[in-house]
Amino acid sequence: MADVLENLRQARARIDAACSRAGRDTTEVELLPVSKTHPDAAVRRAAGAGYRRFGENRPQEVARRAAELADLDLSWVAIGRVQTNKAKLIAEHAAELQSLDSVALGEALERRLDALGRTLPVLVQVNTSGEAAKAGFCPEDTPAAVATLRACPHLEVRGLMTMAAHTTDRDAIRSSFACLRDLRDRLRDVYGPEFGALSMGMSGDFELAVEEGATCVRLGSVIFGTRPAQA
Ligand SMILES: *Cc1c(COP(=O)(O)O)cnc(C)c1O
């Protein structure tokens, strides 16, 4: 855990270097630390370095961390699968949902958010690898899904998220990211600059993602160390 600050510095330097290779401004790319499974103390260290937004993949963890770390002014970004019966936890405790992967979930969130009188920024998750185990809309279905979700007044649909192909083949990973960027570009032409977010890239592939246009990279193990496998 002593290394969290150094890990953040090094990851940020790698993001910035990838930006300069790609001719991008470093302020365009957010480093989102993914704290899942790591102790609250590790989050506190990262918060001490100025990080305010943290990724969590389970709705119950979003709620628990929000309560446990309420003394810090932190925001919780939900990045994992959400069953529709957990929409309430997300509506109450998340600052953003990056893994909106079904219209049914969007509609469940819409009802909860309406009742709470708040809006929620969301990214629509796309399955760019075609792997059966991965969540998300397939690329062809994404424009229609975005149009439907935009009709929910309490959802602010701001862009797209993906997890790349699970492979060491750099070209396959790069084409997952390029696919997401192309989709985003097409939808941004329709909906305007508010539809700009591209959350893509994890510990093993974030430099490629930045080169391909990521605006948010979600980094877990490279910041907090390896974690036990999650169910
Ligand atoms: C766990 C997780 C990450 C971070 O993974 P690392 O490989 O540890 O960086 C990113 N995105 C999602 C959706 C995750 O579940």
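Residues numbered from 1 in each chain as written. Predicted model: local features only at pLDDT ≥ 70, side-chain atom pairs only at ≥ 80, totals over all residues. Heavy atoms only, no water.

Asks: Mind showing me how you'd approach the overall build of the protein chain here?
Replies: Broken down by element type, the protein chain carries nine helices and eight strands. In terms of C-alpha radius of gyration, the protein chain reaches 17 Å, essentially the compact-globule figure of 17 Å for 231 residues. Based on the C-alpha atoms only, the size of the protein chain along its principal axes is roughly 45 × 40 × 30 Å. Across the 231 residues of the protein chain, 50% fall into the buried class. A sequence separation of at least 24 residues applies to 60% of the contacts in the protein chain between residues at least 6 apart. Per element, the accessible surface of the protein chain, about 10,500 Å² overall, is 48% carbon and sulfur. Across the protein chain, the centroid of the 30 positively charged side chains sits 3 Å from that of the 32 negatively charged ones. (Helix = DSSP H or I, 4+ residues; strand = E, 2+ residues; numbered from the N terminus. Rg over C-alpha atoms; globule rule 2.2 N^0.38 Å. Buried < 20%, exposed > 50% of the residue type's maximum accessible area, 1.4 Å probe, protein only. Contact = heavy atoms within 4.5 Å. Areas by Shrake-Rupley, 256 points an atom, 1.4 Å probe, with all protein chains shown as cover. Lys, Arg positive; Asp, Glu negative; His and termini not counted. Charge placed at Lys NZ, Arg CZ, Asp CG, Glu CD.)

Asks: What am I meant to see in the side chain of E56 here?
Replies: Along the chain, the position of E56 falls in strand β2 (residues 53–56). Residue classification places E56 among the buried residues on the basis of a relative accessible area of 1%. A distance of 3.4 Å separates the side chain of E56 from the backbone nitrogen of K36, its partner in a polar contact. The contact partners of E56, leaving out residues within four places of it in the chain, are S35, K36, E61, V62, R65, W76, V77, A78, I79 and G80. (Polar contact = N/O pair within 3.5 Å; in protein donor to acceptor, adjacent residues only side chain to side chain.)

Asks: Help me out: how do you make sense of the environment of T27 in this one?
Replies: With respect to the element layout, T27 can be found in the loop between α1 (4–22) and β1 (30–33). Sequence-wise, T27 and D16 are 11 residues apart; in three dimensions their C-alpha atoms are separated by 8.8 Å. In terms of polar contacts, T27 uses its side chain to reach the side chain of D25, at 2.9 Å.

Asks: Can you help me understand unusual backbone geometry in this one?
Replies: Glycine aside, residues mostly have negative phi, and peptide bonds are mostly found in the trans state. With a phi close to 70°, T37 is a non-glycine residue in the positive phi region. One can find T37 in the loop between β1 and α2 (40–48). Taking the relative accessible area as the measure of exposure, T37 reaches 37% and is therefore partly exposed.

Asks: Would you explain the packing of α1 against α2 in this entry?
Replies: Between two packed helices, both the angle of their axes relative to each other and the distance between the axes serve to describe the pair. Remark: α1 packs on α2, axes separated minimally by 9 Å, with the N-to-C direction vectors making an angle of 55°. The orientation of α1 with respect to α2, classified from their angle, is oblique. Where α1 crosses over α2, the two elements pack in a sense that is right-handed. Residues V4, L5 and L8 of α1 form the contact with α2, whose own contacting residues are A42, R45 and A46. Along the lines of polarity and charge, the residues of the contact of α1 with α2 split into five nonpolar, no polar and one charged. (Axes fitted to C-alpha atoms, helices over the stretch in contact; angles between N-to-C directions. Parallel < 35°, antiparallel > 145°, perpendicular 65-115°, else oblique. Left-handed = near helix turned anticlockwise from the far one by under 90°. Nonpolar A, V, L, I, M, F, W, Y, C, P; charged D, E, K, R; others polar.)

Asks: What am I meant to see in the nonpolar core here?
Replies: The nonpolar side chains of soluble globular proteins are, as a tendency, buried together. If you look at the biggest cluster of nonpolar residues, it comprises 61 residues, and the most contacted ones within it are I15, L97, L109, L155 and L160. Residues V34, V77, I79 and C216 belong to the second largest nonpolar core, which totals five residues. (Core = buried A, V, L, I, M, F, W, Y, C linked by side-chain atoms within 4.5 Å.)

Asks: Please clarify how the pattern of salt bridges should be interpreted in this entry.
Replies: One side chain can pair with another of opposite charge once the charged atoms of both are near each other. With the rule as written, the count across this model stands at 23 salt bridges. With a closest N to O distance of 3.0 Å, R174 and E211 form a salt bridge. With R174 in helix α7 (residues 170–191) and E211 in helix α8 (residues 206–211), this residue pair connects regions lying 37 residues apart in the sequence. Judged by relative accessible area, which is 29%, R174 ranks as partly exposed. Three or more residues joined by partner-sharing salt bridges are found here, namely R21, R174, R181, D182, E211 and E212. (Salt bridge = Lys/Arg side-chain N within 4 Å of Asp/Glu carboxyl O.)

Asks: Is there a simple way to think about the environment of E6 in this case?
Replies: Looking at where E6 falls in the secondary structure, it is placed in helix α1. On the basis of relative accessibility, which here comes to 33%, the residue E6 falls in the partly exposed class. The spatial distance from the C-alpha of E6 to the C-alpha of E194 is 33 Å, given a sequence separation of 188 residues.

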